Every structure is written in C-alpha cells, then in structure tokens.
Amino acid sequence: MVFVKGPGLYPDIGKRARDLLYKDYQGDQKFTLTTFTSNGVAITSSGTKKGNLFFADVNTQLKNKNITTDVKVDTNSNVYTTITVDEPAPGVKAIFSFVAPDQKSGKVELQYLHEHAGISTSLGLAAKPIVNFSGVAGNHKGAFGTDISFDTATGNFTKCNVGVSVTTADLIASLALNNKGETVTASYFHTISPLTNTAVGAELTHSFSSNENTLTIGTQHSLDLLTSVKARVNNFGKASALIQHEWRPKSLITISGEVDTRAIEKSAKIGLAIALKP
C-alpha cells in the first residue's frame, strides 16, 4: 500500500511504546527458517519449544502484483488462509481470512488510510457475525480514535475502546480507555538518540475493577549497526533484558532473559529465537 502520512489505524496508537517494552522478548526457544522458490513463493517454517511441548507451523506466501496470499498449517492441522489485496482503490486494503476446518472463522476486512483519517471495518462471514469498526481522526502529530465490536448474535458490544495520541519530533504519548472502561492505559516513548536508536518508554495500566496498577518501563540501544539491546522492569519486580544480533542480512539471533527480583532464588527464564533468511 502507498504510504500515507496520517494518523494510521487504531492499533498504531501507543504502538511504539508497546514495541519497545514487549517486542522480541522471548521466554521459549524458537527457530524460524525462510526460503524462496524459483517462482518467488516464500516458505517459512518455525518451531517453538515451550517447556516439554513443541509447536510447529509452515507458512507459504505468494505475491502476484497487488495480491498477497498467505497459507499457514500448524501442528493441530489447522489451515490459516489470508488473502490481501493492496490498493483495489486509492488508500484501500482488502483482507479476507479464514481458518479450516472452522466454518465460522471467515472474515472480511477493509482498511482505508487518508492523511487525516484511518478506518478499519471487519465482518465475520457467519449467519450472525461479529462486526468490528475502528476509526482514527487527526494527522501524524495528533490522533483520536475508537475501536468497537458488536456481536449480532447476542446484541451486545463485546469491545469498546477509545484512545488518543500526541506525537512530537522525539516523543510519543498516548492514553487509552479499554475493556468497556474497565482499564485505562497511558504510554510514553521518547527518542534520546536517533543515531544509536536509543529510546526510553513506559506504560502504566490501571484496572478500575481490581484497583491494581501495572507499571512497566524500558529502554533500547544499538551497540552497532548489527547489534541492539533492550531492557525492561515492572512494579512487580520482573526484570527482563535481551540482545539481538543480525549476523547476516535479515537473519537474526535473539537471546532474552527474565528474573524475578522479589524471588531471586528462582531460576531465570531464558529465551532463544533464531530467524534465518537467505
């Protein structure tokens, strides 16, 4: 899709802070291998070991002009199919997805990006579907949006969220009211040095039902062009860190660990992720 310098879609609100605090942290062992056939089909095989359990899947991706088809098969013999059509009309993306053998899993989604708005609407392909709508208004400096889902089978709203974000040259702040007003989340992302990709971020979530607060703060820094480090800690004493190295183009190895500082006698969780691409 052609890039539009606008407010983006609703999931983009607070995304930079979430990526800094949670992306690439791995508590398990994961291996991913991507290969390409002579006709351009990308085949990605991945396996994840979680304790004594092992999960695997194979994903194939075929691009033909503006149509991308993804088919993934997992260890439970579920087949996930996603067909994406970029720019059937200016600023529009159409996505059709379903999971076999679940006959009620079909869904069609339309996304529209404009310099002052971002809209996404989806409809389940069932007799009484779930309808989802999200919309964001604003520009690349400030945005306000909402994300709602309505279950036509029960006549109830299953999701109702609102959010706002403000962006400056080196700072992004957002505030979101989620879970039908049950929780409020404030996030903050601050770029300290673009040259070394150094940044700090924080996220504070308050639950009105339990009156509980969750605060997570983190930072990231690039040691060189190929190696980066990240660290985070929350108010429950869980501290995590990772180091990621691109040992060849598009091939990454990530080592992460987590320790409970309030129970230091417990073993630390170590995660390893290896992604290989030709």
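Residues numbered from 1 in each chain as written. Predicted model: local features only at pLDDT ≥ 70, side-chain atom pairs only at ≥ 80, totals over all residues. Heavy atoms only, no water.

Participant: Which parts of the structure should I look at to understand helix 1 (residues 15-22)?
Facilitator: Residues three or four positions apart in an α-helix share a direction because the helix packs 3.6 residues into each turn. For helix 1, the complete set of buried residues consists of Ala 17, Leu 20 and Leu 21. Angularly, the buried residues of helix 1 cover 90° about the axis, an arc narrow enough to put them on a single face. Just downstream of helix 1 lies Asp 24, where phi reads positive at about 75°. (Buried < 20%, exposed > 50% of the residue type's maximum accessible area, 1.4 Å probe, protein only. Helix = DSSP H or I, 4+ residues; strand = E, 2+ residues; numbered from the N terminus. Arc of directions from axis to C-beta.)

Participant: What should I look at first to understand the side chain of Thr 227 in this one?
Facilitator: In this structure, Thr 227 sits in strand 16 (residues 227-234). Engagement of the side chain of Thr 227 in a polar contact is seen with the side chain of His 245, the distance being 2.7 Å. The residues contacting Thr 227, other than those within four sequence positions of it, are Ser 222, Ile 243, Gln 244 and His 245. (Polar contact = N/O pair within 3.5 Å; in protein donor to acceptor, adjacent residues only side chain to side chain. Contact = heavy atoms within 4.5 Å.)

Participant: Help me understand the packing of aromatic side chains, please; the structure alone is not making it clear to me.
Facilitator: Aromatic ring pairs are reported here in terms of the distance separating the ring centres and the angle at which the planes meet. Throughout the structure, instances matching the rule amount to two aromatic pairs. A centroid spacing of 5.5 Å and a plane angle of 50° characterise the contact between Phe 96 and Phe 98, whose relative ring orientation is tilted. Look at Phe 96 and you get partly exposed, because its relative accessible area is 28%. The ring of Phe 55 carries the charged tip of Lys 50 above its face, separated from the ring centre by 5.8 Å. (Phe/Tyr/Trp six-rings, centres within 6.5 Å; stacked < 30°, edge-to-face > 60°. Lys NZ or Arg CZ within 6 Å of the ring centre and 35° of its normal.)

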